[in-house]
Amino acid sequence: QVQLAESGGGSVQAGGSLRLSCVASGYTYSYYYMAWFRQAPGKEREGVAGIDSAGGTTYADSVKGRFTISQDNAKNTLYLQMNSLKPEDTAMYYCAAVRGLKGRWFDPGPYNYWGQGTQVTVSS
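About the criteria used
Residues numbered from 1 in each chain as written. Predicted model: local features only at pLDDT ≥ 70, side-chain atom pairs only at ≥ 80, totals over all residues. Heavy atoms only, no water. Phe/Tyr/Trp six-rings, centres within 6.5 Å; stacked < 30°, edge-to-face > 60°. Helix = DSSP H or I, 4+ residues; strand = E, 2+ residues; numbered from the N terminus. Buried < 20%, exposed > 50% of the residue type's maximum accessible area, 1.4 Å probe, protein only. Lys NZ or Arg CZ within 6 Å of the ring centre and 35° of its normal. Polar contact = N/O pair within 3.5 Å; in protein donor to acceptor, adjacent residues only side chain to side chain. Contact = heavy atoms within 4.5 Å. Pairing = 2+ DSSP bridges. Axes fitted to C-alpha atoms, helices over the stretch in contact; angles between N-to-C directions. Core = buried A, V, L, I, M, F, W, Y, C linked by side-chain atoms within 4.5 Å. Salt bridge = Lys/Arg side-chain N within 4 Å of Asp/Glu carboxyl O.

S.K.: It is not clear to me how the packing of aromatic side chains should be interpreted in this structure. Could you clarify?
M.R.: Taken as a whole and judged by the stated rule, the model has six aromatic pairs. Centroid distance Y94 to W114: 6.4 Å. Interplanar angle 80 degrees. Geometry classified as edge-to-face. Remark: W114 occurs in strand 10 (residues 113-114) and Y94 occurs in strand 9 (residues 91-99); sequence separation between them is 20 residues. Using a relative accessible area of 26% as the deciding quantity, one classes W114 as partly exposed. Ring plane angle 90 degrees and centroid distance 5.8 Å describe the contact between W105 and F106, whose orientation is recorded as edge-to-face. Among the residues examined, F106 registers a relative accessible area of 39% and is labelled partly exposed. Taken together, the ring pairs in this structure connect F37, Y94, Y111 and W114 into an aromatic cluster. If you follow R19 out to its NZ or CZ, it ends over the ring of Y79, 4.0 Å from the centre. In this arrangement the basic side chain of R45 is found over the ring face of W114, its NZ or CZ atom lying 4.7 Å from the centre.

S.K.: Explain the side chain of Q71 here, please?
M.R.: Secondary-structure assignment places Q71 in strand 7 (residues 67-72). Here the side chain of Q71 touches D52 through a polar contact of 2.9 Å, landing on its backbone oxygen. Apart from the residues lying within four places of it in its own chain, the contact partners of Q71 are Y29, M34, I51, D52, S53, G55, T77, L78 and Y79.

S.K.: I'm lost on the sheet that holds strand 1 (residues 3-7) in this one. Help?
M.R.: Working definition: the strands of a sheet are paired by backbone hydrogen bonds and lie parallel or antiparallel to each other. Spatially, 1-3-8-7 is the arrangement adopted by the four strands of the open sheet, whose pairing is antiparallel. Whereas interior strands pair on both sides, the edge strands pair on one side only; in this sheet they are strand 1 and strand 7. Put simply, the sheet's adjacent strands are angled 15 degrees from each other on average, direction ignored. The sheet contact formed by strand 1 and strand 3 (residues 18-25) spans five bridges and is antiparallel. Its bridge partner lying in strand 3, L4 is registered against A24.

S.K.: What's the story with the nonpolar core in this structure? I'm lost.
M.R.: Nonpolar side chains in soluble globular proteins tend to be buried together. Counting residues in hydrophobic clusters, the biggest one holds 30 residues, and the most contacted among them are M34, W36, L78, L80, M82 and Y93. Setting aside its immediate chain neighbours within four residues, M82 contacts G16, S17, L18, L20, R66, F67, Y93 and V120. Ranked by size, the runner-up nonpolar core spans seven residues in total, among them Y33, A96, W105 and Y111.

S.K.: Help me out: how do you make sense of the pattern of salt bridges in this one?
M.R.: Opposite charge on two side chains permits them to pair, given that their charged atoms come into close proximity. Enumeration over the complete set of coordinates arrives at four salt bridges. Across the pair D61 and K64 runs a salt bridge whose closest N-O atoms are separated by 3.1 Å. In this structure D61 comes out as exposed when scored by relative accessible area, which is 64%. Salt bridges linked by common partners bring R38, E46, R66 and D89 together as one network.

S.K.: How should I be thinking about the side chain of E6 in this particular structure?
M.R.: For E6, the position within the fold is in strand 1. At a separation of 2.9 Å, a polar atom in the side chain of E6 contacts the main-chain amide nitrogen of C95. Each residue touching E6, except ones within four places of it in the same chain, is listed here: S21, C22, W36, Y93, Y94, C95, G115, Q116, G117 and T118.

Laid out in structure tokens, this is it:
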């Protein structure tokens, strides 16, 4: 059974940092494209960052230079280091996985597996 479990969310002040983790189980982690999404109340789910099995990364323009996605294949774990956080980063953050990504990485439609989410709240 495929499972993704996020952790690391919390409440911070603007300018602060958080590190999210997502532990994957039930499948061969390295075969999958992994990504972080977020969803704020009343807004659509949006792609934040993605990483392929070779370590190639991509980011939404809104987080470039502030967020870093990484993974540890030996630990089946995906990370999102978030620095210089802003109030507009407040959202529920989800990790997602898809085998053989086709299409745009930031489109949530193709992803087969999702975690339960972890809340990030940034106060001004």
